[in-house]
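# Reading the structure
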Amino acid sequence: MVTGGTRGIGHAISVELKAAGYTVAAIYAGNDAAAEAFSKETGIRTYKWDVGDYDACVAGIAKVEADLGPVDVVVNNAGITRDATLHKMTPQQWRDVMRVDLDSMFNMCQPLIEGMRERGYGRIINISSINGQKGQMGQTNYSAAKAGVIGFTKALAQEVAKKGITVNVIAPGYIDTEMVAAVPPKVLESIIATIPVGRLGKAEEIAHCVVFLADEKAAFITGATFTANGAQYIAG
Ligand code: NDP
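These figures come from a predicted structure and were not determined experimentally. (Residues numbered from 1 in each chain as written. Predicted model: local features only at pLDDT ≥ 70, side-chain atom pairs only at ≥ 80, totals over all residues.)

## A few points about the nonpolar core
This is how it is decided: Defined on buried residues, the nonpolar core groups Ala, Val, Leu, Ile, Met, Phe, Trp, Tyr and Cys residues joined through C-beta atoms within 7 Å. Buried residues are those with 20 or more other C-beta atoms within 10 Å of their own C-beta, exposed residues have 12 or fewer, and partly exposed residues lie in between; C-beta atoms are placed from the backbone. By the criteria applied, helices consist of DSSP H or I runs no shorter than four residues and strands consist of E runs no shorter than two, each listed in order from the N terminus. Throughout, a residue-residue contact means that the two C-beta atoms, derived from backbone geometry, are no farther apart than 7 Å.
Judged by nonpolar contacts, the single largest core of 55 residues is most densely connected at Ile13, Ile27, Ile206 and Val210. Ranked by residue count, the leading element in this core is helix H4 (residues 91-119), at 8 residues. Aside from chain neighbours lying at most four places away, what touches Ile27 is Met1, Val2, Thr3, Gly4, Gly5, Tyr47, Trp49, Val51, Gly60 and Ala78.

## Concerning helix H3 (residues 54-68)
To be explicit about the condition: By this rule the span expected of a helix is its residue count minus one, scaled by 1.5 Å. By construction, the arc corresponds to the directions joining the helix axis to the C-beta atoms.
Here H3 spans 21 Å end to end across 15 residues, near enough to the 21 Å set by a 1.5 Å rise per residue. Every buried residue belonging to H3 is among Cys57, Gly60 and Ile61, and all of these are buried. Seen along its axis, H3 keeps its buried residues to an arc of 100 degrees; they face one direction. Away from its buried face by more than 90 degrees, H3 exposes Asp55, Ala62 and Ala66. Its buried side turned inward, H3 meets strand S2 (25-28), strand S3 (45-48) and H4. Where H3 ends, the next residue or the one after it, Gly69, has phi of about 100 degrees, a positive value.

## Quick look at the UniProt feature "domain: Ketoreductase" (unreviewed entry) in the protein chain
Our working definition: UniProt positions are given in the numbering used here, feature names are shortened, and annotations may be inferred rather than shown by experiment.
Under the local residue numbering, the UniProt record ascribes the feature "domain: Ketoreductase" (unreviewed entry) to residues 1-178. Taken end to end, residues 1-178 is 53% helix and 16% strand, and its two terminal C-alpha atoms sit 22 Å from one another.

So, in C-alpha cells, the structure goes:
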C-alpha cells in the first residue's frame, strides 16, 4: 500500500514495487484525472481517501484488504506543503500540514499494526524529508511534521521489533516532482547550487530505497533513517 501513490515520488514507488512482484494499492486524495491516467498506464489499482482522516483510513484499509488481501508493506508517502514564514503562517496552514504529513502516520499505522503483529511480519516505510532533519526557513510546519515522522518511526520500530515488523524512514532531498516545480525558479537554482551531486534527485532513486527496505532480507534494518539527498545534508 502506497499513500500518495499516484503522482510524483509515490508514482515511482508504486511502479517499482509492482516491478519487484508486489500487488500494489495506490492511495490518493482527490486528483481523479491523475489517478485514472496512472491506473491506465500502470495497471495498478487506486483508492481515494484522505490520510489525514483516521476513520477514512480504517475504512479504506478494510476495503483494500477485502480486495487484495492483508497489507504486508505500507509506504506512508502522502505529503503536502503550505509554506509561509511563521509570522505570516495561518493556523490553517499549520494544521493542514500536521494532519496530512504527521497525523497520517498514526492514522495509517494504527489500523494496520494489529494484523502485522498477528502475522508476525510487516514493512513500514515512512517518507520524511531533508527539511525534517535540518529545518528549512518558511517551513516550520513541514519541518516539524517531517521531524515528527522520524521520532514516530524510532518509537514504533522498538515497539514491534520482536514481531517481525521493521519501521524505517527515507528522508529525500530535493526530488524532481510537481512539489518542487512549485518552488520559484530562482530559489530552485540556489537550492541546486547547494547539492554536491549537482542536480535534483529522481523519484526512481527514492523508489529504489523503498524496494530495498521492503524486502524480506532487510529484516535487521529498523528504526533507521535513510538519507537520499545528493550529500546536501549529511546527518550525524
Ligand atoms: P506530489 O505533490 O507530487 O504527490 C503527492 C501525492 O500525495 C499525490 O498522490 C496526492 O494525491 C497524495 N496526497 C496528498 N495529500 C493527501 C491526502 N490528504 N490523502 C491521501 N493522499 C494525499 O508529492 P511528492 O511526490 O513530491 O512528495 C511525496 C512525499 O515525499 C511527500 O511526503 C513529500 O513531503 C516528500 N518529499 C518530497 C520531496 C521532493 O523534493 N519532492 C523532498 C523530500 C520529501 P492527489 O494526486 O489526489 O493530490
